[in-house]
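Descriptive analysis of the structure
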Amino acid sequence: MGGRSQEVLARRGEIMRRALGFDYAAFERTPIAFDYEGLMASHGLSLDDVRAIQRAAGVGGTPLIELRNLTDLVRSYAEPGYGARIFVKDEAANLAGSFKDRRASVSIHVARERGYEGVIAATSGNYGAAVASQAARAGLKCIIVQEAFDSRHVGQPEIIEKSRLCEAFGAEVVQLTVGPELFVVMLELLEETGYFAASLYSPFGVAGIETLGYEIAEQMRGLTGAPPTHVVVTHAGGGNTTGTARGLRKAGAHETQVISASVDLTGLHMASDTDFNRKSFTTGHTGFGVPFATWPDRADVPRNAARALRYMDRYVTVSQGEVFYATEALAKLEGLERGPSGNTALAAALAIARDLPRDATVVVQETEYTGAGKHHWSQLAFARENGIEVRAGDPADNVPGKSIVIPERPEQIRARDVDLDRLRRSYVRNALEHAPAGYEPTAEDVAFLAEDAHTTPEAVERIVAELRG
Amino acid sequence: MAERDGCVPGDWVEAERVVLEPADRAAGLPEDTARQPLKMWVKGFACQSARIGEEVEVETMTGRLVRGTLTDVLPGYTHTFGRPPAELASVGRNLRVRVAAYREREGR
């Protein structure tokens, strides 16, 4: 990378310290381990404080709705006695149309308390609109940096719509072509403006999502007398899984299984100019989901507060066509036009509910707003324009970047399990590779890695021995 | 496409600039990305008169001054819902029939 970028990256630590108002070094323990719970408590806000901040910000308290027609649809082809009750947490009801408002509300609260003049976030997702909306309400300036176009200046309709919404809320939107140097641009902007870094991955942002898990447990107690047996979460960078799971625990829902779900985009390169517009999902996919689960600290902050592998009991993938089908079914059967990316969890839930007994309860987390561009029809039309074959058939035949196969029947929707042990191994390998050469993990490291990978110290030791052997 | 071929000071416009030339881009990029410059587009209020393709300075919503090439005046959005994909057109009808048949079987 050129000289200017190198110089900016060399100042990264100092820029982020100023832009976040605290130093992550205080939580480092060893070259591998850090004090995760200490980091998560560092803002000093209780869950009740966060709820109060969100109430004042017009965020949260979204409806939790039973999907009776989809439940009966699943029961119509499930084995007798099977077909769990399906519910959805309608996060689209937040001001800017997604659960990202929860993250943004806490970040903006902290930025205002600490006297920052404005905020910056690097995101092509719903988070941009959430930050822009909350910043507008708080009277803060806002810059959203987006990876928006390929080198032909062509952008997915879904991303263009998100640019529009950010601008509608008065944000300055910096649109870039494909490439990881977006991070350098963000650092330069932070340095130039002195604004707050409203990172998706700060402890403030993730604290904002805990209220979501808490609400799900509370609302399900009201509707069924107990927390849900399963929550299916659309998974990308890990915040949704982490915050939802932490909130469920804070509400005492220790038995609830947390299942992360991503759209399978295996084979597409996330930094490729040509692959950029050959994917029909801009988030909720394995291109974020797998790398962030196996190395969360790739984020724009020194330590990622979103650590999905810690919290997922199961990780499944669905195909693009299955999510588009589920999106259409949700609108036609339940009168809820949402998504499409957020309906990744819905598609997975339709498959998972089929294999669960009727007294099980599955909450789909999340929905997101829909509109021109951010819609399954426009994404499919765009896919066709970009040479992707769209056809009806068996979704198992889908090839990311080449074909999107729309199911002919709901029975064809399948949730395919990702091998969590493979992800754990990959995570431990990444942790060892990021430590200084020759560093031997201590007992503290092994305990940390076990917790971070949701496994036992013995399993971590086995993986380390295998990797070293 | 711009409807006007130039701007006067105060107009809401879009400007483009190259952030990194291909030679200055990050190491390890896929080849198709590495051979392209990293480009940026920002919108703001024009500080001078300029024609499309000429250099202009804009004042963005946060008050930053950014120089670039004028690409659009009153830039808008044209994304749509598009036509319904044929593969999805009958999903609603089929599923409603299936739910109704299931409920009838169940005696509801």
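Residues numbered from 1 in each chain as written. Chains lettered and ligands numbered in written order. Predicted model: local features only at pLDDT ≥ 70, side-chain atom pairs only at ≥ 80, totals over all residues.

1. What to know about the domain arrangement of chain A
Residue and element names in this part refer to chain A. Once the domains are mapped, chain A shows domain 1 (3–52 + 99–203), domain 2 (60–97 + 206–417) and domain 3 (429–468). Each of domain 2 and domain 3 has a C-alpha centre, and the two are 31 Å apart. Across the contact, seven residues belong to domain 2 and five residues belong to domain 3. In terms of residues, the side of domain 2 that touches domain 3 owes the most to one element, helix α13 (residues 308–311), which gives three residues. Taken together, the residues of the side of domain 2 that touches domain 3 break down into four nonpolar, one polar and two charged. (Domains from an automatic or database assignment. Contact = placed C-beta atoms within 7 Å. Helix = DSSP H or I, 4+ residues; strand = E, 2+ residues; numbered from the N terminus. Nonpolar A, V, L, I, M, F, W, Y, C, P; charged D, E, K, R; others polar.)

2. So, unusual backbone geometry
A cis amide bond links A:Gly339 to the next residue, A:Pro340, at an omega of 15°. With respect to the helices and strands, A:Pro340 occurs in the loop between α14 (320–334) and α15 (344–354). Positive phi values are uncommon outside glycine, yet A:His153 reaches one of about 70°. Within the secondary structure, A:His153 sits in the loop between β4 (141–149) and α8 (157–168). Positive phi, close to 50°, is recorded for B:Leu74, a residue that is not glycine. Here B:Leu74 shows up in the loop between β6 (65–73) and α2 (86–89). B:Leu74 gets classed as partly exposed once you count the C-beta atoms within 10 Å, which come to 13. (Buried ≥ 20, exposed ≤ 12 C-beta atoms within 10 Å, placed from the backbone.)

3. Section: helix α11 (residues 239–250) of chain A
Residue and element names in this part refer to chain A. Helix length check: α11 (12 residues) gives 16 Å between terminal C-alpha atoms against 16 Å at 1.5 Å per residue, within 8%. Counting buried positions along α11 gives 10 out of 12 residues, so the element sits mostly inside the fold. Two residues or fewer past α11, Gly 252 is found with a positive phi of approximately 80°. (Expected span 1.5 Å × (residues − 1).)

4. Thoughts on the interface of chain A and chain B
Taken residue by residue, the interface counts 52 residues in chain A and 38 residues in chain B. Elements represented by at least two residues in the side of chain A that touches chain B include exactly α5 (68–77), β4, α8, β5 (172–177), α9 (182–193), α14, α16 (376–385) and β11 (389–393) of chain A. For the side of chain A that touches chain B, the residue count by class is 24 nonpolar, 17 polar and 11 charged. As defined by bridge partners, β5(A) adjoins strand β3 (residues 38–46) of chain B across two bridges and the pair is classed as antiparallel. Paired with A:Gln175 across the two strands is B:Trp41, which belongs to β3(B). (Pairing = 2+ DSSP bridges.)

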